[in-house]
Amino acid sequence: MSIVYPELASGRFDDAGGAWTILEGTTFRGGASCNLRDRILEVPLESSDVARVVRAHELMHARVSPHAEVLVRALDDVSARALECAEELRVNTLIARLGFDVSLLRDGTEKPGVSALAESGRWDEVLYFLAAVLGTGAERDLFGAVRRARPTWLAALRAVRKRALQIVSLEAGAMGDTRLDDEGLPRGYVASTLVLARLLSQCAGARIPQGAEELRAFRRSLEAGGRRPASGRFAPLVFDASPVSIRTRGPRSSKRRASVCGPVLSYPGRLLTDERRRAFAQRRRERGGVVVIDQSGSMDVSEEELRALLRTAPEALVVGYSHRPGDPGVTANAWVLCNRGVVAEHCPTGNIGNGVDGPVLAWAAAQRRAKEPFVWVTDGQVTDSHDYPDLALTKECATLVRRHRIQLVRELGDLDRALRVPSSRSAWAAFGRVGRELGDHHGAGLACYTG
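Residues numbered from 1 in each chain as written. Predicted model: local features only at pLDDT ≥ 70, side-chain atom pairs only at ≥ 80, totals over all residues. Heavy atoms only, no water.

Further remarks concern the packing of aromatic side chains. Applying the stated rule across the entire model yields two aromatic pairs. Ring centres of Trp123 and Trp153 lie 5.5 Å apart, and the angle between their planes is 85 degrees; on these two criteria the pair is classed as edge-to-face. With Trp123 in helix 5 (residues 123-133) and Trp153 in the loop between helix 6 (138-149) and helix 7 (154-167), this residue pair connects regions lying 30 residues apart in the sequence. Exposure class is identical for Trp123 and Trp153. Each is buried. Seen in terms of ring centroids, Phe239 and Trp363 are 4.7 Å apart; in terms of plane orientation they differ by 50 degrees. Their pairing is tilted. Residue Phe239 is located in the loop between helix 10 (211-222) and strand 4 (246-248), and its partner Trp363 is located in helix 13 (residues 357-367); the two are separated by 124 residues in the primary sequence. With a relative accessible area of 26%, Trp363 lands in the partly exposed category. The ring centre of Tyr388 lies 3.8 Å from the NZ or CZ of Arg227, which sits over that ring. (Phe/Tyr/Trp six-rings, centres within 6.5 Å; stacked < 30°, edge-to-face > 60°. Helix = DSSP H or I, 4+ residues; strand = E, 2+ residues; numbered from the N terminus. Buried < 20%, exposed > 50% of the residue type's maximum accessible area, 1.4 Å probe, protein only. Lys NZ or Arg CZ within 6 Å of the ring centre and 35° of its normal.)

This is the structure:
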């Protein structure tokens, strides 16, 4: 039985020191671990060659892997799973350079596990697992399983493999450097693991390339500074839940106006002073409605314009939206600006992209009251979660427009009229891809405003 001393692997610049607790683990995947926070190392203690490599792997984690607070800080940009698997590749690369045979790191569960993931369409998990086993004996099993279950994935996976190996081709001292940079992050971790994790996160959300042209675009996206690939789907709708001070615009009860008829004689003096004798009172309700505003960069909506709108239609439900391209669901991409008389004190700005056009239209349609006008302020340029135009998503939005009889306007200044008197004019050419899709279906019964 082997004796393990993690203290001998000390020397990192962010280590507070202290004794380690050693627990006996196994050589099976998931049977060994390194808990930096509580300083617990679980490793196999047998003397086999496989156990020796597994111990080296966990000791390298103890030597170079960042503490939990660093991982949490990075989650705004990448997924936790991408960070975990990217760090596995860095650790395996470092121990391989020390002479350990990482081809022994496999336990036979890889092939059936990857087969199940591929058959169920879990591109993201197969991608992450590729990084975790790259260079080990399990890599061949992964590609064999994918070849049988999803052969169309192979070209994209090979492209990711090539780029991942480039990222971890740094000199060993630089890749294992635990000195902290100006942001308090270990330098080696930032230069390798974080770069790879960002790449994995962006690829996990991408549409799997089909055909030579899409594959070329996918490969270009992997290059340093390359634009992330298209995702082909909307991002999840994330409403701004931060505490924002709001103010009430007064009671939502109806206002009264003088009329020639009505249930109550409220202004008897008008029988003598008003030539039309408008002595009765009628209730006039504030205009309601549902308004969805595209606040992406192409729309360039200012806060002054939003304020003017909220004064015009205080009884409406007004929702703005804009998605940060590639965001994993951390940044809010929708916000309620006005909710039936309650107005937000602060009007959030956009996040450059569209990304959630379909989900926000569907959500607003569910909040709509009977016979209320429904207006979408848009240029008609629907995009996916990575801010790429997509025909299928455009058709989805056009279907929502037809189903819910949504009026389209390009400018906030046209909203007042759209809420009062729906137009019968059709000029779909002014509304980009959505307009062309509606025009192809003749847009019967729909309305739009072009200013």
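There is more to say after this.
Look at Ile352: it is not a glycine, yet its phi comes out positive at around 80 degrees. Positionally, Ile352 belongs in the loop between strand 11 (342-344) and helix 13. In this structure Ile352 comes out as exposed when scored by relative accessible area, which is 63%. Not every positive phi belongs to a glycine, and Arg405 is a case in point at roughly 50 degrees.

The grouping of Lys111, Arg140, Arg147, Arg148 and Arg158 at the surface amounts to a positive patch. Here Lys111 is to be found in helix 4 (residues 110-119). Of the residues examined, Lys111 reaches a relative accessible area of 36% and is grouped as partly exposed. (Patch = residues over 30% accessible without salt bridge, like charges linked within 9 Å, V, L, I, M, F, W, Y side chains within 5 Å. Areas by Shrake-Rupley, 256 points an atom, 1.4 Å probe, with all protein chains shown as cover. Salt bridge = Lys/Arg side-chain N within 4 Å of Asp/Glu carboxyl O. Lys, Arg positive; Asp, Glu negative; His and termini not counted. Charge placed at Lys NZ, Arg CZ, Asp CG, Glu CD.)

What follows covers the packing of helix 5 against helix 6. Across the interface, helix 5 lies against helix 6 with an axial gap of 9 Å and an inter-helix angle of 155 degrees. In this view, helix 5 runs roughly antiparallel relative to helix 6, as classed from their interaxial angle. Relative to helix 6, the crossing made by helix 5 is left-handed. Along the contact surface, helix 5 presents Val126, Phe129, Leu130 and Val133, while helix 6 presents Ala138, Glu139, Leu142, Phe143 and Val146. Here the residues of the contact of helix 5 with helix 6 sort into eight nonpolar, no polar and one charged. (Axes fitted to C-alpha atoms, helices over the stretch in contact; angles between N-to-C directions. Parallel < 35°, antiparallel > 145°, perpendicular 65-115°, else oblique. Left-handed = near helix turned anticlockwise from the far one by under 90°. Contact = heavy atoms within 4.5 Å. Nonpolar A, V, L, I, M, F, W, Y, C, P; charged D, E, K, R; others polar.)

What follows is about the environment of Glu84. With respect to the secondary-structure elements, Glu84 resides in helix 3 (residues 80-97). According to the relative accessible area criterion, Glu84 is partly exposed, its value standing at 46%. Between the alpha carbons of Glu84 and Ala132 there is a distance of 8.1 Å; along the sequence they are 48 residues apart. A polar contact is formed between the side chain of Glu84 and the side chain of Arg81, at a distance of 3.3 Å. (Polar contact = N/O pair within 3.5 Å; in protein donor to acceptor, adjacent residues only side chain to side chain.)

Turning next to a negative patch on the surface. Taken together, the side chains of Asp300, Glu303, Glu304, Glu305 and Glu411 present a region of like negative charge at the surface. For Glu305, the location among the structural elements is in helix 12 (residues 303-312). Taking relative accessible area as the criterion, Glu305 reaches 33% and is therefore assigned partly exposed.

Taking 1.5 Å as the rise per residue, helix 1 (residues 49-64) with 16 residues should run 22 Å; its terminal C-alpha atoms sit 23 Å apart, in good agreement. Among all positions of helix 1, only Ala51, Val53, Val54, Arg55, Ala56, His57, Glu58, Met60, His61, Ala62 and Val64 are buried. Elements that come into contact with the buried residues of helix 1 comprise strand 2 (33-35), strand 3 (40-43) and helix 3. (Expected span 1.5 Å × (residues − 1).)

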